[in-house]
Every structure is written in C-alpha cells, then in structure tokens.
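Chain and residue survey
Residue-level listing of the chains:
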Amino acid sequence: MSLVFHPDPVPAEGCDLRPVAAEPPVTLSYSTGTVPRGCVSSSSLHSANEVHVLGVQWSKVPAVVLKVSVTPPASGCARPAVLVLQCSRCLASITSLCPDLLVLTDATLSPGSTTVPHRELPAAASKGQLLDWARGTYGGITSYSELRDPRAIHLRLGEDARSPPDCIPQERFNAAPHLDAEVFFHGMRGCASGSAHGSRAAHIIRLQPEHSSPVTEVNLSLSCPERVVSNQILILQSRANLTWFLSLNGCHIQFLVSGTYKITSFLTHLFSGELLPDTEQGLVAKAFEKNYSIIASYSTIPISPRITLEIQEHEVLRKPPATPTPPAPTSDTLPHVLLLMLQPWKCTDDTMEIIIARSHLEPIKDVVNITLRDISCQAEKNATHFMLRTPLSHCGTSLESQGNAKNELILSLSKGSALRSVRVAFQCQIPRELFLRLFPTAAFEAPQTELEVNKEAFVQASMRWDDYPADLQLKECWLVAPGTEPLLLVQANKAQSSSVAVLEEPPGSRARKVWRFRFTYAVPEGGHVPFSATLKCKAGLQNNTIFEKVLEVTVKDVWRPPNNRGLGLAAVLGITFGAFLIGALLTAGLWYIYSHTREYRCAPGGGGESGGGEGGPYTRPIAGKPVLFPPSQSSRTSRGEGPAAIGHASLLAKALREKEPARRGRGPRGPP
C-alpha cells in the first residue's frame, strides 16, 4: 500500500497580521444599507419639500468619482425634492430621473452630472451643523445619512408617514429602505511567514457572521491585471448556507469557498465548497497549508449581496479597471478554463500530486480517464475523485530554472462510441521551503508518521533551491515528547547522540539539497511511553535566513496494547447480562433433565427404600414383592401433572392397603 505524504502547514503563529502599506495590493468594496449614523422622520410631510441629507467622510483623499444616483418613488416625481450633499474633497457625478431635483453640495460636479439646477452649499452647513442647518432651512428632514468612503450611492426618493416625527441620528442606522451604498474597505491587513521567499500570495475575505441577515446570495466581481495571475489564491469564508456567484474578469486564480458557488461563465452549474475555519488564525493556516506563505490582504467585512475585488499590480501603470463580460467558454476551451482555474496540482521538492473532484468536472461531462504527458501515468479514480502522485523525475515532467515543474493533463472524453483527448498544459510551482519526512527503512520509500520505540527510524530533510548557496546546511533537529526533555538529534549536520548516525547525501540534482540520518528512540526504564511526539528541524544560511519544519508523529510501543483504556460501562453491563442469561439457561436445562429422568432411577427388584426422595417415587416390599408407589400429590402438582393422574394414584394406593392385611393373614406363599 502506498502512502501519500502531506507535509505539515507552516504554523499560523509565524504570521502577525498588520495593516498593509499605503498602497494596498487590492481594491475591495461592498454594498450595504447600514450607515455609521443616520435617521428618518415624517417632519417633511408638513413642509414644501422632501429633503434628504448626505454627509460623506473619507479616510484618505478619494481617487475615484463618487457616483450618486437618485430614483423617484412608485408614484413618480410628485413632490419637489432637495438633495443636500456634503463632500468637500470629492468629485461627484449626480444623476436623477426627477428633473426638478434641487442639489446643494460643496463637491465638484463632473461633466456627466445631468441634474440641474444645483447650488453651492452655504458655509453655515459645516461639519456638525449640517443637520441643524437643513432642518432650520427647510423646516423638516426626510432622511439623514453619514457615510464613510463611499464609491457609489443610490438614493430612493419617497416619504413615509410611519416614520418618527423627529430625525434623531442613531449609530449603525439601517437606511436600506431608502439608501444603498457601495463603500470601500480600507482596513485590510497582511503578513508573511518567516520562511516566505516566493511570490505565492493569498487574499482572504471573511464575512462577519450575522445570523439575522436576510442575505443568502453573494455576487463577487473579480478583476485582475492584464498579465495572467497564476500564483495567487482567493479564500472566501462565510456561513455554510451562502451561495457565491463569481464573475472572473480575465482572472486565472485558484480559490477556496465556503458553502456553494457558481462561476457565472459556466451556466447554471453549482459547485460544492468546503468547510473553512471561522477564525483568523485558522484561515491564515489554511493559506499556508496550500503553500501560500504571503497573506497579501486579509479583510473582514459585513455580509453583503455584492462585493467587488480588484487585484492591483503596482509594478506597471495602473489603468482604470475594466470589467467586460467574458465570452462563455466553448466545449473545446472549457477544460482549459476550468482546470487552470481549479489548479488541482500541488508540488513538493520531489513529488507532484494531483487531486480533482469529479463534481468539479461535471461541466466538462464524460471524463473517462486522466493521464499526464506520459500516458502510462494514469490517475487512480473512485466514485468521487481522480488522484495521481508521481516523482518530479517521472511522467514527462520538466523542471524549469524558475522553480516550476511543467507537464500536461490529458483528459479522455467519451463522445458517443469514440474517445476524444484534450490536452491542458500546466506548471506547478515548487515551494522554497524545508520538507521533513520519516521513513521505516533505509530505502527511504513510503514515508509515514509512526515512530516505533527501540527501533531504528530514518529521517530525511530536503529543500529545493535553484542554484542554492554552498552554505545552506541543516542547523539542528530535535525530538520533543510530552513529559520529557527535548532530545537534540543533529546539530550542524552532526550527530549529537550515540543513538543517532548521519547518513550520506544521495546523488541528485544540484537544485535540491537532501540531509539524511537515522536514530533509535528509547524510553528510559520506568519512564512513560508518550502517544505522540514532534520532530522539528531547521535549515538555514549564514545570513540567518532560517527554514523550519515540524512533523507530528505517533509513538508506537510493541509491548503496549493498542488500547489500554479498559472497558466502558456499556461493555461491562453487556457482559454481566450475558453471563446471567447463560447461567439461567444452564440451570433450567439441568432441572428439565433431572425432573424427566429421576422416575426411572429405581427399577423393580432393586430392593430397599432407594430412590424417591422427598415427593419422588419409592419402593417398599409388600408380601415379599417390591411395589412402586407414586409421588405425593404436592410433588406431582409441582411437576405439572393433572388431577386425573393424581386420582388414579389414590385408588391404587387404597386397593393395596385393603389387600395387605389379608396377605399377612395367609402368611407367606411358598414357591410355586
């Protein structure tokens, strides 16, 4: 049986999330109906105008045009309406379907604004006095909303007589009935693990759990630079009952999604996501597990029906993001688009592993077989997955100097009675990190995670580094078990114990460094054998660059039973009841045999008062002949004999008693 080895992820503790630099790697915005502060009232019903007041604040100077759209209620533009917009540092574009809407603002209006007329907002309407100024000027306020970092605002006109009589601002006010805003998120954070030396980056979006939220579907629009992004992953975490609709505009990016998701270019097919951790540390560890050691952005936002994410590229001149609708993939291009998006391949320093869920291949349909460039390397398949694992030196894999392994996936598709092959070229990045494996024999085949007491174990630490420096060496290796002192095995690639021996480096390519040693784990006499232990190794350069790897192993003692926790209560009760039932059946069986055989134990001519016993048949000589007397009535009744049998026995006894005196008078009879 072959074992697939999964190296441990980099510990999440090695990554301290901090606010990103002034120029973030992504632009993130989401729609919401909740404003930081706001109110509504019916006071404008008694005045000449419907009045809506918007106060906009910015975390930094806005780089985009604020789009404000105003729509009338179902009854149309019946009443005069006034929009007061305070946005002193922004360029705004205001559009309205009501031509008589009056706009008062201190923003600079763009040429695209179609709303006329508009007037300058008076200086008296300064910050902190805007609401009071509007109330004093117009006599009543329909709505008041403060917004922070909006990208777009959609205002719906209309008044509600059920609103409170006075507009008293409240924190985190739900303005959804009349306002919907798309706001920028500037609170993203990022980090990198201590051993991060590549460009594989992760973007994480976590939706805050709001069980009362009516949102069940999230539409996410993703835009990427013109150059293909193949070394990034997008992790979308939410509650499990959300459905994500993903619009990928020129993006070839891997992603992990909670709940179910649909890629809009793949018609109506829904994919099943996976259960992702719901904590910050868990999500960071998940990214590290997928070999993305840089957290480019970590964002926590409220649940929103619409999210826009734009991945930036600061090395080139950034253009305004374009979001054209990509053409739907054809039957010929669909396998390429799907596999390059899923990126089901994963490489270590010496192996390539490919796992594809069958459910992800449903849009392609009729996938019979999957191979690599060398068609003898076929994927194993079961009811749910295609799986393939091969060394990097096999199956036609070519290694590039940039640390990539290149190959092709060949999909055999059934089309009627014929087979059609589709080739999808791909490259798998080989991570620059330390790998740690434990083997049972010196052949260094089939790695495992089981350490046996008093038996040799073989350890291999390896790392692939293109044109690696000569000073790359194995710094140290420790074995740490609970309740015992840490055991130093190797330091500076030299054995540190008599139970350790450093082995020769195997022949290999110059781009991969391999260290091997063997050791025997012994427990001191009287000591406790732990159930688990940790093997920890560090490799590094002279410039203090350190690569660390941890391998958790289970400890096996051949003298220790697999489970010494004893029997549970249910097992004890079961055994007790079984023993009682067996004893009762045996007793009943013996009594049945005894009660049906003892009447025949004393045959005629036996002599004496043998047999019988209390209540049983017995013999007594009468006139020189043995006579068999039946048992007493109580005895017979206890054995279940009926009244008729007892009556016959009484008559027989009476007859014998009447004859006995006569026979005694005649004396004994002589021989015939």
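Relevant structure appears above.
Note that the coordinates shown come from a computational prediction; the quantities given were computed from them, not determined experimentally.

Rules behind the numbers
- Residues numbered from 1 in each chain as written.
- Predicted model: local features only at pLDDT ≥ 70, side-chain atom pairs only at ≥ 80, totals over all residues.
- Heavy atoms only, no water.
- Salt bridge = Lys/Arg side-chain N within 4 Å of Asp/Glu carboxyl O.
- Buried < 20%, exposed > 50% of the residue type's maximum accessible area, 1.4 Å probe, protein only.
- Patch = residues over 30% accessible without salt bridge, like charges linked within 9 Å, V, L, I, M, F, W, Y side chains within 5 Å.
- Areas by Shrake-Rupley, 256 points an atom, 1.4 Å probe, with all protein chains shown as cover.
- Helix = DSSP H or I, 4+ residues; strand = E, 2+ residues; numbered from the N terminus.
- Pairing = 2+ DSSP bridges.
- Phe/Tyr/Trp six-rings, centres within 6.5 Å; stacked < 30°, edge-to-face > 60°.
- Lys NZ or Arg CZ within 6 Å of the ring centre and 35° of its normal.

Some points on the pattern of salt bridges
- Taken as a whole and assessed by the stated rule, the structure comprises 21 salt bridges.
- Residue Asp160 pairs with Arg162 through a salt bridge whose shortest N-O separation is 3.2 Å.
- The exposure class assigned to Asp160 is partly exposed, which follows from its relative accessible area of 31%.
- Relative accessible area serves as the criterion here: at 77%, Arg162 is assigned to the exposed category.

Observations concerning a nonpolar patch on the surface
- Nonpolar side chains collect at one region of the surface, where Phe577, Phe580, Leu581 and Leu585 lie side by side and expose about 470 Å² of accessible area between them.
- Along the chain, the position of Phe577 falls in helix α4 (residues 569–597).
- Judged by its relative accessible area of 53%, Phe577 is exposed.

Quick notes on the sheet that holds strand β25 (residues 345–347)
- The four strands are arranged β25-β26-β29-β28 in an open sheet whose pairing can be described as antiparallel. The strands lining the two open edges of the sheet, one partner per strand, are β25 and β28 (380–381).
- Sheet topology note: the strand β26 (residues 351–357)/strand β29 (residues 385–391) ladder contains seven bridges and is antiparallel. Along β29, the bridge assignment pairs Met352 with Thr390.

Observations regarding unusual backbone geometry
- Not every positive phi belongs to a glycine, and Arg172 is a case in point at roughly 45°.
- Inspection of the secondary structure assignment puts Arg172 in strand β13 (residues 170–174).
- According to the relative accessible area criterion, Arg172 is exposed, its value standing at 61%.
- One non-glycine residue, Gln343, adopts positive backbone phi at about 45°.
- Here Gln343 lies in the loop between α3 (334–342) and β25.

Quick word on the packing of aromatic side chains
- Scanning all chains against the criterion turns up eight aromatic pairs.
- Summarising the aromatic geometry, the rings of Tyr261 and Phe271 are spaced 5.3 Å apart at their centres and angled 25° between planes, so their arrangement reads as stacked. Note that Tyr261 is positioned in strand β21 (residues 260–263) and Phe271 in strand β22 (residues 271–272), a separation of ten residues in sequence. Both residues of the pair, Tyr261 and Phe271, belong to the buried class.
- Measuring from ring centre to ring centre gives 5.9 Å for Phe444 and Phe458, while their planes differ by 75°; the resulting arrangement is edge-to-face. Remark: Phe458 occurs in strand β35 (residues 456–464) and Phe444 occurs in the loop between β33 (435–439) and β34 (450–452); sequence separation between them is 14 residues.
- Under the relative-accessibility criterion, Phe444 is labelled buried at 12%.
- Residue placement shows Arg200 over the ring face of Tyr292; its charged tip is 4.1 Å from the ring centre.
- Sitting above the plane of the Phe444 ring, Arg516 keeps its charged end 3.9 Å from the centroid.

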